[in-house]
Amino acid sequence: GEAKMAVAACFGSPLLMNIIGAGASLTVRAIMTGGADTESSVSQVCRIAYLFLYTALFSHMVVFPLCGYSASRGYAVYLFALYAVFMLLALLAESRKLGDFLCPASSPCPPPVEG
């Protein structure tokens, strides 16, 4: 009961946030502008965060069913290592040490906000 609800919340919460949050705001924007194109930019840190979010969610989708919906100590170590690598890359991105990592020329990252 409760363990299955916890696993479902791991998948449902980020998905629901993206669907409702982005969907509602973009719908309002489309209504207000009559469907005109909307320009947006995604920072390098957000791109890194989404990369690691999708990596962790995909890992969960593969590992939990294969392990009978229980996680081993090794999987926990893997998740902590994944988080440590994410934090390192996020700090490097914020300090502008990564260059154009994850920012192709067709969709450049916005300059960081000073202050």
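Residues numbered from 1 in each chain as written. Predicted model: local features only at pLDDT ≥ 70, side-chain atom pairs only at ≥ 80, totals over all residues. Heavy atoms only, no water.

### Describing unusual backbone geometry
Unusually for a residue other than glycine, Y69 sits at a positive phi of about 60°. For Y69, the position within the fold is in the loop between α2 (44–66) and α3 (73–94). Backbone geometry at R96 places phi at a positive 60°, although glycine is not the residue there. With respect to the helices and strands, the residue R96 is situated in the segment after α3. (Helix = DSSP H or I, 4+ residues; strand = E, 2+ residues; numbered from the N terminus.)

### Some remarks on the packing of aromatic side chains
Per the stated rule, a full pass over the model turns up five aromatic pairs. Geometrically, the ring pair formed by F64 and Y75 is edge-to-face, given 5.9 Å between the ring centres and 75° between the ring planes. Of this pair, F64 sits in helix α2 while Y75 sits in helix α3, and the two are 11 residues apart along the sequence. An aromatic cluster is defined as three or more aromatic residues linked by ring pairs; in this entry it consists of F52, Y83 and F86. (Phe/Tyr/Trp six-rings, centres within 6.5 Å; stacked < 30°, edge-to-face > 60°.)

### Topic: the confidence of the model for the protein
On average, residues of the protein score 86 in pLDDT, and 94% of them are at 70 or above. In the model of the protein, helix α1 (residues 2–33) stands out as the element of lowest mean pLDDT, 84, in contrast to α3, which has the highest, 95. (pLDDT = per-residue confidence, 0-100.)

### Here's the deal with the nonpolar core
Core analysis: the biggest nonpolar cluster contains eight residues, these being I48, F52, A56, L82, F86, L89, A90 and A93. Going through the elements one at a time, α2 and α3 are the ones with two or more residues in this core. Considering every element that reaches this core, the biggest residue donor is α3, with five residues. Once you skip the residues sitting within four places of it in the chain, I48 turns out to touch F86, L89, A93, L98, F101 and L102. (Core = buried A, V, L, I, M, F, W, Y, C linked by side-chain atoms within 4.5 Å. Buried < 20%, exposed > 50% of the residue type's maximum accessible area, 1.4 Å probe, protein only. Contact = heavy atoms within 4.5 Å.)

### A short note on the environment of Y78
By the element assignment, Y78 lies in helix α3. For the pair Y78 and G35, spaced 43 residues apart in sequence, the C-alpha to C-alpha distance is 44 Å. Filtering out sequence-adjacent residues up to four positions away, Y78 remains in contact with T55 and S59.

### Points about the packing of α2 against α3
Close contact between α2 and α3 brings their axes to 9 Å; oriented N to C, the two are set at 170°. Considering their axes alone, α2 and α3 lie roughly antiparallel with respect to each other. Residues Q44, V45, I48, A49, F52, T55, A56, S59, H60, V63 and F64 of α2 form the contact with α3, whose participating residues are Y75, Y78, L79, L82, V85, F86, L89, A90, A93 and E94. By residue class, the composition of the contact of α2 with α3 is 16 nonpolar, four polar and one charged. (Axes fitted to C-alpha atoms, helices over the stretch in contact; angles between N-to-C directions. Parallel < 35°, antiparallel > 145°, perpendicular 65-115°, else oblique. Nonpolar A, V, L, I, M, F, W, Y, C, P; charged D, E, K, R; others polar.)

### Comments concerning the side chain of H60
Position of H60 among the secondary structure elements: in helix α2. Setting aside anything within four residues of it in sequence, one finds H60 in contact with F11, P65, Y75 and L79.

### Observations regarding the packing of α1 against α2
The interhelical angle for the contact between α1 and α2, taken along N-to-C directions, is 145°, at an axis separation of 11 Å. Considering the relative orientation of α1 and α2, their crossing is left-handed. In contact with C10, F11 and N18 of α1, α2 contributes Y50, L57, H60 and M61. The class makeup of the residues in the contact of α1 with α2 is five nonpolar, two polar and no charged. (Left-handed = near helix turned anticlockwise from the far one by under 90°.)

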